[in-house]
Amino acid sequence: AGSVDAENEVLFAALADACEGLGAFRLIIKPHPAKARGDESIQLALRVLGDSAMMIPPNGKLYDYLSAADATVCIPSTIAFEAMTLGVMPISYESATVYATNSLANCEAAMFVARDVEALRAALQDVIVDGKQSQAKRHKWDETIRWVLGDLQTPLATQLTRALV
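Just so we're clear, the structure is a prediction, and the values are computed from it rather than from any experiment.

*Asks:* Looking at this structure, how should I read the side chain of S134?
*Replies:* Along the chain, S134 turns up in helix α6 (residues 132-138). Residue S134 is classed as buried on the basis of its relative accessible area, which comes to 0%. A polar atom in the side chain of S134 sits 2.6 Å from the side chain of D126. Among residues more than four places away in sequence, those in contact with S134 are M89, F112, D126 and V127.

*Asks:* Is there a simple way to explain the pairing of strand β3 (residues 71-74) in this structure?
*Replies:* Every regular strand shows the same layout, with side chains that alternate between the two sheet faces. Here β3 runs beside strand β4 (residues 89-93); their pairing, made up of 4 bridges, is parallel. Bridging from a neighbouring strand, T72 pairs with P90 of β4.

*Asks:* Help me understand the pattern of salt bridges in this model?
*Replies:* This structure, assessed with the given rule, holds 3 salt bridges. K140 is the partner of E143 in a salt bridge, and the nearest nitrogen-oxygen pair spans 4.0 Å. The partly exposed category is assigned to K140, whose relative accessible area is 35%.

*Asks:* Can you help me understand the sheet that holds β3 in this one?
*Replies:* The strands making up a sheet associate through backbone hydrogen bonding, with each pair oriented either parallel or antiparallel. Reading across from one edge, β3-β4-β5 is the order of the 3 strands in this open sheet, with parallel pairing throughout. Single-partner strands in this sheet number two, and they are β3 and β5 (112-114). Adjacent strand axes in the sheet meet at a mean angle of 20° when their direction is disregarded. Its contacts with the sheet place helix α5 (residues 117-128) against β3, β4 and β5, and it is angled at close to 175° to β4.

*Asks:* Help me out: how do you make sense of a negative patch on the surface in this one?
*Replies:* A cluster of acidic side chains, namely D17, E20, D116 and E118, defines a negative patch on the protein surface. Examined against the element boundaries, E118 turns out to sit in helix α5.

*Asks:* I keep staring at α5 and nothing clicks. Help me out?
*Replies:* Since there are 3.6 residues in each turn of an α-helix, residues three or four apart along the chain are aligned in direction. Compared with the 16 Å implied by 1.5 Å per residue over 12 residues, the 16 Å span of α5 between its first and last C-alpha is a close match. Listing the buried residues of α5 in full gives V117, L120, A123, L124, D126 and V127. Of the residues flanking the end of α5, it is D130, one or two places downstream, whose phi is positive at about 50°.

*Asks:* For this particular structure, what's the right way to read the packing of aromatic side chains?
*Replies:* Describing an aromatic ring pair means giving the distance of the ring centres and the angle of the ring planes. Overall, the coordinates contain 0 aromatic pairs when judged by the stated rule. Its guanidinium or amino end placed over the ring of F112, K137 lies 4.9 Å from that ring's centre, counting from NZ or CZ.

*Asks:* Just checking my understanding: could you explain a nonpolar patch on the surface for this structure?
*Replies:* A cluster of nonpolar side chains, W147, V148, L149 and L152, forms an exposed patch at the surface whose accessible area comes to about 400 Å². If you trace the backbone, W147 turns up in helix α7 (residues 141-149).

*Asks:* How should the side chain of D126 be read in this particular structure?
*Replies:* As for its position among the elements, D126 is in helix α5. Buried and unpaired, D126 has no salt bridge, with R138 as the nearest side chain of opposite charge at 6.8 Å. Excluding anything up to four places from it in sequence, D126 contacts F112, G131, K132, Q133 and S134.

*Asks:* Looking at this structure, how should I read α7?
*Replies:* Of all the positions in α7, only W141, T144 and I145 are classed as buried. On an axial view of α7, the arc spanned by its buried residues comes to 100°, and they lie on one face. More than 90 degrees from the buried face of α7, the exposed residues found are D142, R146 and W147. Buried residues along α7 sit in contact with α4 (79-85), β4 and α6. Phi turns positive, to about 85°, at G150, one or two residues after α7.

The rules behind each value
- Residues numbered from 1 in each chain as written.
- Predicted model: local features only at pLDDT ≥ 70, side-chain atom pairs only at ≥ 80, totals over all residues.
- Heavy atoms only, no water.
- Helix = DSSP H or I, 4+ residues; strand = E, 2+ residues; numbered from the N terminus.
- Buried < 20%, exposed > 50% of the residue type's maximum accessible area, 1.4 Å probe, protein only.
- Polar contact = N/O pair within 3.5 Å; in protein donor to acceptor, adjacent residues only side chain to side chain.
- Contact = heavy atoms within 4.5 Å.
- Pairing = 2+ DSSP bridges.
- Salt bridge = Lys/Arg side-chain N within 4 Å of Asp/Glu carboxyl O.
- Axes fitted to C-alpha atoms, helices over the stretch in contact; angles between N-to-C directions.
- Patch = residues over 30% accessible without salt bridge, like charges linked within 9 Å, V, L, I, M, F, W, Y side chains within 5 Å.
- Areas by Shrake-Rupley, 256 points an atom, 1.4 Å probe, with all protein chains shown as cover.
- Lys, Arg positive; Asp, Glu negative; His and termini not counted.
- Charge placed at Lys NZ, Arg CZ, Asp CG, Glu CD.
- Expected span 1.5 Å × (residues − 1).
- Phe/Tyr/Trp six-rings, centres within 6.5 Å; stacked < 30°, edge-to-face > 60°.
- Lys NZ or Arg CZ within 6 Å of the ring centre and 35° of its normal.
- Arc of directions from axis to C-beta.

Now the structure itself:
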């Protein structure tokens, strides 16, 4: 849990800096399920970002909020791939100052992987204008989702039968 806390701390500090000068935006923060009210880094981000940010309420439906977003900014997590299935651009923040327990660098063709504030800001700006990088990454989503999550169309029983034959 210590590494995830450190990753979150660095992410929220970077987000506060990266969002400066972006213009009007709405940031919706989903805390870790074990910290439904958020931790200190989330509370600080909420204070710094003011009316531009809110936290999903503990009883809020994650996929309702996620599907309404233009992008999801996360530490390396499966939520990035869940976002893709909902048509939402994932931006994974992997700071060089904190050891990441996971990395999504091998999926960079299908998502933004930002390693510093400038890269995070550039990714957010590209998503806002639906830039060339965002468009190119979206073309890799089907392939990436299949690679990570497997076949989502064929019933599981059929897949298991094929695997056992």
